[in-house]
Structure formats: C-alpha cells, structure tokens
Amino acid sequence: GKEDEREVGALKTALLGFDGRRVVPEALRLLDATPLPGKAALIDVIGEKGAKQEIDRVFALASDPEPATRAAALGALAKLAGESDLPRLVAMLEQASDSDDVNRLQEAVAAAARSAADPERRGVALVALLDQGTTVRKVAIRRTLPKVGGGKAFQASVRESGSKDPQVQTAAVYALSQWPDYQAAEELLRIAATTG
C-alpha cells in the first residue's frame, strides 16, 4: 500500500525473488485492497511469475477504468497469454482507442502468437483470425504481424498488399515496411514499382 513508487519498485523486485507458488496467492489476496502503485506492482508480479491459471482475473483487470491498473494488466497478459487467448486479445485490440492501450495490446497479441512451440506455426492462429475478420480486425492484426514474424504471417501480408480495400492494403504495406528481417524488401520494391 505504499505510495512511494521507488519503494514499491524495490518491494516488487524483492517479491520476484520468491517462489511463485507462495507469492502469487498472496498477491491475489491483496490485489483488490491495495492502492496504486502497489496494485500495479502486484499485477506485474502475477505476470512475471507466469500465473497462467489467473489469466481470467488479469483479463478483467485489463478493462479497469484506471489507466495504471489497465497498463499493468495488459503487460501481464503479454506474459501469460497463449494462442488460445488470441480471439479475446484481438477483440480487445479491435475495441481499443487509447494509443497506449493499443500498443500494449499489440505486444500481448504478438507474444501470444509467438508462443507456439514450433517456429513454423508461429502466426498461424493469428492469420486464421485475420482471414475471418472485418476491415477493422484486419487492420488491427496487420499492424501486429511484424512483431510476430513467420512465414504464414509474411505470406498473409504480401497477399493483402494487393487488397481492394485501401485501409487493409495500407496496413499490409505498413506491416511489410516494418518486417523484422529483409524478407520483405523484394515485395516492397515490387509494390513501389507497380502501384499507382
């Protein structure tokens, strides 16, 4: 319940040194009664300790009206979420309007998409959501794909760079321009040479 952020940071660091099986239940017990910034620190601890069994609680906190609580919960989701959580995360990303929330949700979506054990499967679940989506969903996911990488995500971006929908096309070209390796350079050159 301390209000001094430096002290809260030091206490959080100390808590992270303990076994998660002891820390997480105590963090959950104190969560609702603890004011900020301590509450945000407890949420961080839950995420850092990988308490995947508490993901529904963290999802609920990610909708909190308090920006600091929401930010901590979205950060924790990036550590806890897996591929099965992508539909919920993408739905939240579609609805988000605050730029900080959008950035944190993109990180959480990308982390969940990268959680596939097989590197070849990375991004497959996210691309499946993309193919089922509205324009808003396609644009939201496209901006996340460079943080995911992988062959399927790259092919989907190339495919949509020729979309008739200008919003989707712009998001696909943006994704290719942000791609984490040089794989996209040839496609970007082709787009630059052929587009009006």
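In this report, the structure presented in the accompanying data block is examined. Since the model is a prediction, treat every value here as computed from it, not as a measurement. Residue numbers here run from 1 along each chain, matching the order of that chain's written sequence. Given that this is a predicted model, residues contribute local features only at a pLDDT of at least 70 and side-chain atom pairs are listed and counted only at 80 or more, while totals for whole chains, interfaces and linings are drawn from all residues. To obtain the side-chain values, all non-hydrogen atoms of the structure were included, while hydrogens and water were left out.

Considering the overall build of the protein chain
Only DSSP runs of H or I reaching four residues or more are called helices, and only runs of E reaching two or more are called strands; each is numbered from the N terminus. Of regular secondary structure, the protein chain possesses 13 helices and zero strands. With the C-alpha coordinates aligned to their principal axes, the bounding extent of the protein chain is approximately 60 × 35 × 30 Å. Put simply, the protein chain has 196 residues, and 42% of those count as buried. The contact rule is simple, with two residues in contact once any of their heavy atoms fall within 4.5 Å. Across the protein chain, every contact between residues at least 6 apart in sequence was considered, and the portion connecting residues at least 24 apart equals 61%. Across the protein chain, the 26 positively charged side chains and the 28 negatively charged ones have centroids separated by 2 Å. Exposure is judged per residue with a 1.4 Å probe applied to protein chains only, and the accessible area is read against the type maximum: over 50% gives exposed, under 20% gives buried, and values in between give partly exposed. The charge count treats Lys and Arg as positive and Asp and Glu as negative. His and the chain ends do not count. Note that the charge is assigned to NZ on lysines, CZ on arginines, CG on aspartates and CD on glutamates.

A word on the packing of aromatic side chains
Working definition: a ring pair exists when centres of Phe, Tyr or Trp rings (six-membered ring for Trp) sit within 6.5 Å. Plane angles under 30 degrees give stacked, over 60 give edge-to-face, the rest tilted. For the structure on display, the rule yields one aromatic pair. Definition used: whenever NZ (Lys) or CZ (Arg) falls within 6 Å of the ring centre and also within 35 degrees of the ring normal, the charge is taken to sit over that ring. The aromatic ring of phenylalanine 59 is capped on one face by arginine 88, whose charged end is 3.8 Å from the ring centroid. Across from the ring centre of tyrosine 174, 4.3 Å away, lies the NZ or CZ of arginine 143, which sits over that ring.

Remarks on the pattern of salt bridges
Any Lys or Arg side-chain nitrogen located within 4 Å of an Asp or Glu carboxyl oxygen qualifies as a salt bridge. Tallied over the full model, the rule gives 11 salt bridges. With its nearest N and O atoms 3.2 Å apart, the salt bridge here joins aspartate 44 to lysine 12. Here aspartate 44 is found in helix 3 (residues 38-48), whereas its partner lysine 12 is found in helix 1 (residues 5-16), with 32 residues between them in sequence. Since its relative accessible area comes to 24%, lysine 12 is described here as partly exposed.

Some words on the environment of leucine 80
Position of leucine 80 relative to the elements: it lies in helix 5 (residues 67-80). Between the C-alpha atoms of leucine 80 and isoleucine 46, which are 34 residues apart in sequence, the distance is 9.0 Å. Those residues in contact with leucine 80 that sit more than four places away from it in its chain are Ile46, Gly47, Gly50, Ala51, Lys52, Ile55, Val58 and Asp85.

Quick word on the packing of helix 3 against helix 5
The angle between two axes is taken between their N-to-C directions and runs from 0 to 180 degrees, where each axis is a line fitted to C-alpha atoms and a helix contributes only its stretch in contact. Where helix 3 contacts helix 5, the axes come no closer than 8 Å and their chain directions differ by 5 degrees. As judged from the angle between their axes, helix 3 and helix 5 are roughly parallel. Taken together, the residues of helix 5 that come into contact with helix 3 (itself represented by Lys39, Ala40, Ile43, Asp44, Ile46, Gly47 and Glu48) are Ala68, Thr69, Ala72, Ala73, Ala76, Lys79 and Leu80. For this classification, the nonpolar set comprises Ala, Val, Leu, Ile, Met, Phe, Trp, Tyr, Cys and Pro, the charged set comprises Asp, Glu, Lys and Arg, and every other residue, Gly included, is treated as polar. A breakdown of the residues in the contact of helix 3 with helix 5 according to their chemical character gives eight nonpolar, two polar and four charged. Any angle that falls under 35 degrees is termed roughly parallel, while one over 145 is termed roughly antiparallel, one within 65 to 115 roughly perpendicular, and all others oblique.

Digging into the packing of helix 2 (residues 20-31) against helix 3
Closest axis-to-axis distance for the helix 2/helix 3 pair is 9 Å, and the angle between their directions is 150 degrees. Here helix 2 lies roughly antiparallel to helix 3, going by the angle between them. Here the hand of the crossing between helix 2 and helix 3 comes out left-handed. Residues Val23, Ala27, Leu28, Leu30 and Leu31 of helix 2 form the contact with helix 3, whose participating residues are Lys39, Leu42, Ile43, Val45 and Ile46. Tallied by class, residues from the contact of helix 2 with helix 3 come to nine nonpolar, no polar and one charged. By definition, turning the near helix anticlockwise from the far helix through less than a right angle yields a left-handed crossing, and turning it clockwise yields a right-handed one.

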